[in-house]
Amino acid sequence: MPRRHARKHLVSRLKQRHPPGTMPGTLSIDPAAPRPVINVMEFDAAGCRERTDVSMEELDGLAIRLGRSGGQQRAAASGTSPASVSSTATRAGAGSGVLWVDVIGTGDAAVIQHIGELFGLHRLELEDIVSSHQRAKVEDYTDHVYLVMRECSCHKDLEQDQISLCMGQGWVVSFQGKHGDCYEPVRQRIRQRKGRISAQGADYLAYALIDAVVDSYFPALEHLGETLEALEDETTLKPSEATAAAIHHVKRDLLTVRRAVWPAREAISTLIREDHAFITADTRVYLRDCYDHLVQLMDMVETYREIGSGLMDIYLASVSNKMSEVMKVLTIIATIFMPLSFIAGLYGMNFNTQASWVNMPELNWAFGYPFALGLMAATATVMLVYFGRKGWVFGTRRNR
């Protein structure tokens, strides 16, 4: 993004942070965040049922039908947090397929809190979900797992979005900050019942969503790589101030991608190493593939960052060489005119030729003026020939 937009984005993120001393679990909603749109997909090996823009009443009815009713009321009656509700209250569709609730937008605290109570999400999770500056991480809440990552896309400028995944037994709830995500290929596979996803559990769905987020980095890095190639040609042939600004812009984008990829690699590694009841050994194999992709992404990011740093060095060297060429031309011109100025100053002296015959007899000579001009021309010609033989002018040097 342009520097002004990046600065405004940073200010927005800083404004979204809680003031010191705020109670943990406080939901601080970004005023610019869109209102939540809830999409639901239920699927198993037999088929798929998809509903878009689901209301809270429909989601409550779905919870009742899937045997998850009463979780909010039991939590409120017992005075405990929703995360302490038993797994029987938060288990969605166990043995009857997988439920995927996709929430797009975090601009309504009441909706986010209601979904959290319905699925037994901890208030600290909800706080992280609505805060768009979270670092990628994995947290285990006994009856479900919470994962946060960052999605990157690069059409014209680099754009980011925070992706939060909550996975339990038979259900996955995903939260996104904006419309237009990388999940559409996963939805198409579910609709068309392609691959293993329809016959697998919620852990495989979570893997598919994580894999889609990881795959979104590759087109972004390819775009940045193409930009670096164009800047390399521009830096070598015709560098300008705009070239330096473009290099700095790409380096900032690469740093942004690195800040997203590096902690995501650690989070996936944690998800693989730790023993989670909802993740099968078969799914861990696929998660290791995601980890390998993140390692590859880190290699690409580091390589491109080195190329960007090299381009900045090349730009500075090109500017220095260009300045040296200018200084060389000016120095040659000044050097040629130095003896000419001496000759002009010498013949500009006021000597009395009547007092002595050695007081510049050329002043009374009929060809004195042409002689002075010819002497100047001959001096300049000799100096240009000498500079040419040295290779200082005309771009070549004669071999002796």
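Residues numbered from 1 in each chain as written. Predicted model: local features only at pLDDT ≥ 70, side-chain atom pairs only at ≥ 80, totals over all residues. Heavy atoms only, no water.

Brief notes about helix α8 (residues 202-215)
Here α8 spans 20 Å end to end across 14 residues, near enough to the 20 Å set by a 1.5 Å rise per residue. Counting buried positions along α8 yields 13 of 14 residues, so the element is predominantly enclosed. (Helix = DSSP H or I, 4+ residues; strand = E, 2+ residues; numbered from the N terminus. Expected span 1.5 Å × (residues − 1). Buried < 20%, exposed > 50% of the residue type's maximum accessible area, 1.4 Å probe, protein only.)

Re the pairing of strand β7 (residues 171-176)
Where burial is concerned, most of β7 is hidden: 6 out of the 6 residues are buried. Covered by surrounding structure in β7 are Trp171, Val173 and Phe175 together with Val172, Ser174 and Gln176, the residues of both alternating faces. Bridging between strand β3 (residues 98-104) and β7 involves 6 bridges; their strand directions are parallel. Counted as the bridge partner of Val103 is Phe175 from β7. Relative to β7, strand β6 (residues 158-168) is paired through 6 bridges, and the arrangement is antiparallel. Residue Leu165 lies in a different strand from β7, and its bridge partner there is Ser174. Connecting β6 to the antiparallel partner β7 that follows it, the hairpin turn spans 2 residues, and Gly170 within it adopts a positive phi of roughly 85 degrees. (Pairing = 2+ DSSP bridges.)

Observations regarding the sheet that holds strand β2 (residues 48-51)
Pairing is mixed in the open sheet, where 7 strands are placed in the order β2-β1-β3-β7-β6-β5-β4. Every interior strand has two partners, whereas the edge strands, β2 and β4 (137-140), have only one. Strand-to-strand twist of the sheet, defined as the mean angle between neighbouring strand axes without regard to direction, takes the value 15 degrees. Across the sheet, helix α6 (residues 123-130) touches β4, β5 (145-154), β6 and β7, and the angle it forms with β6 is around 160 degrees. Sheet contacts for helix α9 (residues 217-237): β5 and β6; angle to β5, the most-contacted strand, approximately 30 degrees. (Axes fitted to C-alpha atoms, helices over the stretch in contact; angles between N-to-C directions. Contact = heavy atoms within 4.5 Å.)

Here we look at the side chain of Asp102
Within the secondary structure, Asp102 sits in strand β3. Side chain to side chain, Asp102 and Gln176 meet in a polar contact 2.8 Å long. A distance of 2.7 Å separates a polar atom in the side chain of Asp102 from a polar atom in the side chain of Arg187. Setting aside chain neighbours within four positions, we find Asp102 in contact with Val37, Ile38, Asn39, Ser174, Gln176, Asp181, Tyr183 and Arg187. (Polar contact = N/O pair within 3.5 Å; in protein donor to acceptor, adjacent residues only side chain to side chain.)

A few points about the confidence of the model for the protein chain
Put simply, the protein chain has an average pLDDT of 81, and 84% of its residues get 70 or more. Per-element mean pLDDT across the protein chain ranges from 36 in helix α4 (residues 87-90) up to 93 in α8. Note that pLDDT drops below 50 for residues 1-15; the model gives that stretch 12 contacts with residues more than four away or on any other chain. Within the model, pLDDT remains below 50 along residues 68-95, and this stretch shows 45 contacts once partners closer than five positions in the same chain are excluded. (pLDDT = per-residue confidence, 0-100.)

Regarding unusual backbone geometry
Positioned with a positive phi, Asp53 is a non-glycine residue whose angle comes to about 50 degrees. Along the chain, Asp53 falls in the loop between β2 and α2 (56-65). For Arg193, which is not glycine, the phi dihedral falls at a positive 55 degrees. Counting through the fold element by element, Arg193 comes out in the loop between α7 (184-192) and α8. Arg193 sits in the partly exposed class, given a relative accessible area of 46%.

Concerning the pattern of salt bridges
In total, this model carries 14 salt bridges according to the counting rule given. Between Lys137 and Asp128 there is a salt bridge whose closest N-O contact spans 2.8 Å. Classification of Lys137 as partly exposed rests on a relative accessible area of 22%. On the accessibility criterion, Asp128 (10% relative accessible area) is buried. For Asp275, the salt bridge goes to Arg284, with nearest N and O atoms at 3.6 Å. Taking relative accessible area as the criterion, Arg284 reaches 12% and is therefore assigned buried. Here the residues in one salt-bridge network are Glu50, Asp102, Glu184, Arg187 and Arg191, joined through shared partners. (Salt bridge = Lys/Arg side-chain N within 4 Å of Asp/Glu carboxyl O.)

So, the packing of helix α11 (residues 281-347) against helix α12 (residues 368-390)
Taken N-terminus to C-terminus, the directions of α11 and α12 make an angle of 155 degrees; their axes are 10 Å apart at the nearest point. Considering the angle they form, α11 stands roughly antiparallel to α12. Considering only the axes of α11 and α12, their crossing is right-handed. Touching Ile332, Thr335, Ile336, Pro339, Leu340, Ile343, Ala344 and Tyr347 of α11 are Phe371, Ala372, Leu375, Met376, Thr379, Ala380, Met383, Leu384 and Phe387, all from α12. Looking at the contact of α11 with α12 residue by residue, the classes come out as 15 nonpolar, 2 polar and no charged. (Parallel < 35°, antiparallel > 145°, perpendicular 65-115°, else oblique. Left-handed = near helix turned anticlockwise from the far one by under 90°. Nonpolar A, V, L, I, M, F, W, Y, C, P; charged D, E, K, R; others polar.)

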